[in-house]
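Reading the structure
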Amino acid sequence: MQSVTLFDTTLRDGAQSLGVAFTVEDKIRLASALADIGISMIEGGFPGVIKTDTDYFKNLPDIGNAQHIAFGKTNSIGISASNDPTLAGVINSSASGVCLVGKSSMNHVNNAIGSTFEANLQSLHDCMRVIKHKGKTALLDAEHFFDGYKEHPDKSVAFLKAAMEGGADWLVLCDTNGGTFHWEVEDIVEAIIKAGIPGEKLGIHTHNDSELGVATSLSAVRKGVHMVQGTINGLGERTGNANLISIIPALKRMGVDCGVSDEQLKGLKNLSNLLDDLLGRPYSVSAPYVGAAAFTHKAGIHASAVAKNPSLYEIMPPESVGNQRNIVMSDQAGMSNLKVLLEDMGIPFNKDDQQTKQLLTWVKDIQSEGWSFDQARASLELAVQRALLDVDPYFAVEIIEENSGFRPARLDPLSNRFKRYARMPESVVKLVVGNERIKAIDEGVGPVDAIDSALRQALLPHYPELGNVTLSDYRTRVLDSRSATAAGTTVHIESTAIIGDQKHTWVTVGVSKNNTEAATMALLDAYEWYLRKIGVTPQVPNMEMMQAILFNGQGPVTGTQPH
């Protein structure tokens, strides 16, 4: 079995992504998680140049057998490798290995750093020698290697050999601009090995500008390189680096030993989510292997086949990467989809049951009105429970009102311009919980936030568990743009809470001509799903009280789900 060393550069190359700014604590947490999953080398940054990286190398976490790698650049022109202060700061850090970026393209040697072929050869040789003299692992990131090789093959190979003669442990071929095709990578790697560079010393570092980062990395492995560099979730400068979250399971499917055990592989989704959590980014639904859609089956024919044999529509078991299979209900669903859903919910399935047939018809038909349950499993589960189990409600809504507006425009003496001064949206809610009729008024930064605040004020005394729920995402889709401002909207609300010892995320949906009403529907479903999920006993609203309210004309009861 071929073996490959995994080298992660999320903390260094990934930090060059637009909008990314790791703290020392972020780096420590990520480094530990990378080591836990089996990454062999973890590049932490550029000590002595970037303050956060310098502080990180002063507080390195224990990562077991994995190596901490410091990043730097080869010595500056006119300064020897042994006397370059920037290089010394990197080599003298607490890292056990040093990875230096060096030019391997004559175009860059001549025009970017203004050096010569001979001087660059000497620099690469001497830098590797100085690192080895310190007893550390020496790596050369051969920048722009593939572009340089296509221009001057012999000179690019000569650069690699100079570094190797200086003692380099690894020679990493970089597709820095991300424009090399995977068949070009295969041909060039093959040619380099034939030129006398051992595959055991070769690594690959690719960027994703052509969306080929993963493909070119795997192609290089296929032709004999023994190291793959990349980042978690493909984080990196411009469009990113090769994505290790996709590369790791691919290597295992290829039969390559990459140091990640089958048990460690189960933590892949959590690792991907951890990075997004630290960056405050939503999880990528369509991410290969770990995304919510990766093992989702929507069409009835697919669901039926997967129920018989998952491999008919899946490349590997979802559990092997910490993911799960998802059979969704939509207008394309069949009885097989509904069967999986009911069995997953612990509800007996009978395809001949009239209620079951009606439920399937209702779910398929209501899709045309904007109720996209394939993206809102929580609202679908509630609809199923109401239809088949006759569950008790947690509360009844008498009225929800929201008021927004602006104070009149007036002249601002500071800017000499007319300004409108917005006031905070305010919401009034009236609910019945048990035998109590509750009224709450609160403000928010927007209409939905105001409703959420008022609802929480009313419900938390009765259901304190709702204090654990966070609204993490809010998405609105216009159903018919031709209707302009009269168009209906679909609102999806994503909620998050810790259930047991795991972070859970669920999505609910609402549809209405009124965007705020649609959001309120989704909001109410989010509360109810969570309370049912954690097994809170409903304080069933007094129906006689609700009937009296209706009879006296004090306000309509607003349903939380269409029927």
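The rules behind each value
- Residues numbered from 1 in each chain as written.
- Predicted model: local features only at pLDDT ≥ 70, side-chain atom pairs only at ≥ 80, totals over all residues.
- Heavy atoms only, no water.
- Helix = DSSP H or I, 4+ residues; strand = E, 2+ residues; numbered from the N terminus.
- Buried < 20%, exposed > 50% of the residue type's maximum accessible area, 1.4 Å probe, protein only.
- Contact = heavy atoms within 4.5 Å.
- Areas by Shrake-Rupley, 256 points an atom, 1.4 Å probe, with all protein chains shown as cover.
- Pairing = 2+ DSSP bridges.
- Axes fitted to C-alpha atoms, helices over the stretch in contact; angles between N-to-C directions.
- pLDDT = per-residue confidence, 0-100.
- Phe/Tyr/Trp six-rings, centres within 6.5 Å; stacked < 30°, edge-to-face > 60°.
- Lys NZ or Arg CZ within 6 Å of the ring centre and 35° of its normal.

**Considerations on the overall build of the chain**
Regarding its fold elements, the chain presents 19 helices and 18 strands. The 563 residues of the chain split such that 51% are buried. Considering only intrachain contacts with a sequence separation of at least 6, the fraction spanning at least 24 residues in the chain is 69%. Accessible area of the chain: about 25600 Å², with a carbon and sulfur share of 50%.

**Focus on unusual backbone geometry**
The backbone of His-144 shows a phi angle near 55 degrees, a positive value even though the residue is not glycine. Along the chain, the position of His-144 falls in the loop between β5 (137-143) and α6 (145-151). On the accessibility criterion, His-144 (6% relative accessible area) is buried. Even without being a glycine, Asp-390 presents a positive backbone phi close to 55 degrees. Its place among the elements puts Asp-390 in the loop between α16 (377-388) and β11 (396-403). A relative accessible area of 69% means that Asp-390 is categorised as exposed.

**Quick look at the sheet that holds strand β17 (residues 489-499)**
The strand order across the open sheet built from three strands is β16-β17-β18, with neighbouring strands paired in antiparallel fashion. The open sheet is flanked by β16 (470-478) and β18 (502-512), the only strands paired with a single partner. Going across the sheet, the axis of each strand differs from the next one's by a mean of 20 degrees, ignoring polarity. Both β16 and β17 contribute to a ladder of eight bridges, which runs antiparallel. Of the residues in β17, the one forming a bridge with Thr-476 is Val-491. Along the sheet face, helix α18 (residues 515-533) touches β16, β17 and β18 and points at about 145 degrees away from the line of β18.

**Details of the side chain of Arg-532**
Along the chain, Arg-532 turns up in helix α18. In this structure, Arg-532 is in contact with Leu-382, Gln-385, Val-391, Asp-392, Pro-393 and Tyr-394, ignoring residues within four places of it in sequence.

**Details of the confidence of the model for the chain**
Here the chain shows a mean pLDDT of 88. Residues at 70 or above account for 88%. In this model, residues 555-563 is a region of pLDDT below 50 whose contacts with residues beyond four sequence positions or in other chains number 28 contacts.

**Brief notes about the packing of aromatic side chains**
Under the criterion given, the structure shown has nine aromatic pairs. With 5.5 Å between their ring centres and 45 degrees between their planes, Phe-117 and Phe-159 make a pair best called tilted. Here Phe-117 is found in helix α5 (residues 117-133), whereas its partner Phe-159 is found in helix α7 (residues 153-165), with 42 residues between them in sequence. The class of Phe-117 is buried, set by a relative accessible area of 18%. Judged by centre distance (4.6 Å) and plane angle (5 degrees), the ring pair of Phe-181 and Trp-183 falls under stacked. The partly exposed category is assigned to Phe-181, whose relative accessible area is 37%. Taking relative accessible area as the criterion, Trp-183 reaches 45% and is therefore assigned partly exposed. One aromatic cluster is present, formed by Phe-145, Phe-146 and Tyr-149 through successive ring pairs. For Arg-12, the ring lying beneath its charged end belongs to Phe-71, and the centroid distance is 3.8 Å. The ring of Tyr-56 carries the charged tip of Lys-27 above its face, separated from the ring centre by 5.8 Å.

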